[in-house]
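Structural characterization, general
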Amino acid sequence: MRNTARRPAVLLAVMLFAILPIAGAARGQDDAEDRTRIPMIEVVDPGEGTPVLLRWRPADASTATVMVSSRNVLSSLQNGSVLANSPEAAMTTTKRPPLEYLWTVQGRLRDGTDRREAVAQWRVLNGAARLYGVEPETAPGKPAGTDDDTEADTDPPPVGAGPDAGSTRTTTDRPRFVANLERSRRLAQIQDDAAARTAGASIAQRFTSSGIVPGSGLIQLEKANPRVNYEVERLLSVMRLAEPLLPDRPLGIGATWTARWTTLVQRRRIETVMSWTLDGVDEAALAATGIAETAVLSVEYTRRVLDDGRADSRLEGDGRGRLQVDLRRPMRLDATLVEVPPQSPGGEDEGDSRVVEIDRVRITTVE
């Protein structure tokens, strides 16, 4: 009888020891859960004219093949001042060589009938990197229509085909240019190899009534590799900028809404604050249905590192651009964006005169 009476107490102790580690693990995941929650969407301006509802209504076969291009160029090369004399000038003053990254990504919306919600599933088909604007190169998989056609993303004039591009302009530091060019070629080759190894990687994101949740993003690789994972994180951070969140109330043309969220990139917490403005919708939405099928959005955003003492200029920036949205195909991403480093504390005058590296993004759905 004594052993029988002690048995419930023993079982209770065993259960407590079993539960404690689980509870501790759950507390450790609080931050991760926060990042996958739907950000709060705040309507700042309801717009004017006929209110139109922007609502995702994915078709049965919501799939897309997307070309992603991201490149960095010097501001001086596109505004015609300071360094726009020759490719030598660009290569002897920039901190890093102008590189362009190119990916082909295929996406589909997995039905949520067997789970709580749908999942946006992406698979990287190929990746590449190359030197941009210094010498003629052709990278496989270059997106059609990469020549930018909007004010927000006007290409800088070509800086020449190479050191002997027929220009009479010369540099005062030719040896340094030659050394930098060789170093940049080697770096571009390393980056091209790293980008190519992202092929086969998959990305899963939550999809809700507001759209793809930007803080979500589960990366899976065919073979575990920290460097490849970093390159896929780079790709995902670019794609997130073209995945708008939509409010749940009708809005007029000119309406503006904002959202903020935190993501983890290179083990740093990055806060993104994004603002979208409704520039236009399809004519049927304004004339009859009141429910948009397509929309054009302007976007502005900031990205900042939240961790004290761990700031990284490569992870921070201020951007703007334009998005084309098909509400029947949420996997279709079409965006033109330009990003500059955060404004220096010295003020606008100092910022206007400085030479900075500008990141330009073009995302195009090809099928």
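See the structure shown above.
We now turn to the structure provided with this report. (Residues numbered from 1 in each chain as written. Predicted model: local features only at pLDDT ≥ 70, side-chain atom pairs only at ≥ 80, totals over all residues. Heavy atoms only, no water.)

A word on the pattern of salt bridges. Per the counting criterion, the structure on display carries 15 salt bridges. We note a salt bridge from Arg303 to Glu339, for which the minimum N-O separation is 2.8 Å. Highlighted residues: Arg303 in strand β12 (residues 294-305) and Glu339 in strand β14 (residues 334-340), separated in sequence by 36 residues. Residue Arg303 shares its accessibility class with Glu339, and that shared class is buried. Notably, a salt bridge pairs Asp334 with Arg332, separated by 3.1 Å at the nearest N-O pair. Taking relative accessible area as the criterion, Asp334 reaches 12% and is therefore assigned buried. Here Arg332 falls in the partly exposed class, since its relative accessible area comes to 29%. Residues joined by salt bridges that share partners form a network here, namely Arg71, Glu100 and Arg130. (Salt bridge = Lys/Arg side-chain N within 4 Å of Asp/Glu carboxyl O. Helix = DSSP H or I, 4+ residues; strand = E, 2+ residues; numbered from the N terminus. Buried < 20%, exposed > 50% of the residue type's maximum accessible area, 1.4 Å probe, protein only.)

This next bit is on the environment of Leu251. One can find Leu251 in strand β9 (residues 251-253). On the basis of relative accessibility, which here comes to 1%, the residue Leu251 falls in the buried class. Taking the C-alpha atoms as reference points, Leu251 and Gly49, 202 residues apart in sequence, are found 8.7 Å from one another.

Before going further, it helps to examine helix α6 (residues 226-240). With 15 residues, α6 extends 21 Å from end C-alpha to end C-alpha; this agrees with the ideal 21 Å at 1.5 Å per step. Among the residues of α6, those classed as buried are Val228, Glu231, Val232, Glu233, Leu235, Leu236, Ser237, Val238, Met239 and Arg240. (Expected span 1.5 Å × (residues − 1).)

What follows concerns the nonpolar core. Among the nonpolar cores identified, the biggest contains 58 residues, and Leu54, Val68, Trp122, Trp276 and Ile363 are the most heavily contacted of them. Excluding its chain neighbours within four sequence positions, the residues that come into contact with Ile363 are Val66, Met67, Val68, Val238, Met239, Ala242, Leu333, Asp334 and Ala335. Within the second largest apolar cluster, five residues are counted, among which are Val73, Val338, Val356 and Ile358. (Core = buried A, V, L, I, M, F, W, Y, C linked by side-chain atoms within 4.5 Å. Contact = heavy atoms within 4.5 Å.)

Next up on the list: the packing of aromatic side chains. How two aromatic rings sit relative to each other is given by the distance of their centres and the angle of their planes. Throughout the structure, instances matching the rule amount to three aromatic pairs. Ring geometry for Trp56 and Phe207: centres 6.4 Å apart, planes at 70°, overall edge-to-face. Pair noted here: Trp56 is in the loop between β2 (48-52) and β3 (63-74) and Phe207 is in strand β6 (residues 202-208), with a separation of 151 residues, a long-range link. Each member of the pair, Trp56 together with Phe207, is buried. Between Arg234 and the ring centre of Tyr101, over which it is positioned, the NZ or CZ distance is 4.2 Å. (Phe/Tyr/Trp six-rings, centres within 6.5 Å; stacked < 30°, edge-to-face > 60°. Lys NZ or Arg CZ within 6 Å of the ring centre and 35° of its normal.)

Moving on: the environment of Ser62. Topologically, Ser62 is positioned in the loop between β2 and β3. In sequence terms Ser62 and Met331 are 269 residues apart; their C-alpha atoms lie 6.6 Å from each other. Beyond its immediate sequence surroundings of up to four residues, Ser62 is in contact with Gly107, Arg108, Leu109, Arg328, Arg329, Pro330 and Met331.

The next point concerns the side chain of Glu100. Along the polypeptide, Glu100 turns up in strand β4 (residues 99-110). Of the polar contacts made by the side chain of Glu100, one reaches the side chain of Arg71; its length is 3.5 Å. Among the polar contacts listed, one links the side chain of Glu100 to the side chain of Arg130, at a separation of 2.7 Å. (Polar contact = N/O pair within 3.5 Å; in protein donor to acceptor, adjacent residues only side chain to side chain.)

Let's shift gears to the pairing of β12. Inspection of the sheet shows strand β11 (residues 268-281) paired to β12 by 11 bridges, in the antiparallel sense. For Ser275, the partnering residue across the bridge sits in β12 and is Glu300. Here 10 bridges tie β12 to strand β13 (residues 317-326), and the two strands are oriented antiparallel to one another. Looking at β13, one finds that Val296 is bridged to Gln324. (Pairing = 2+ DSSP bridges.)

Before going further, it helps to examine the side chain of Ser70. Along the chain, the position of Ser70 falls in strand β3. You can call Ser70 buried: its relative accessible area is 13%.

With that settled, consider the pairing of β14. Among the seven residues in β14, six count as buried, and that is most of the element. Pairing analysis gives seven bridges linking β13 to β14, with the strands arranged antiparallel. Among the inter-strand pairings, Arg320 is bridged to a residue of β14, identified as Val338. Here β14 runs beside strand β15 (residues 357-365); their pairing, made up of five bridges, is antiparallel. Residue pairing in the sheet places Ala335 in a bridge with Ile363 of β15.

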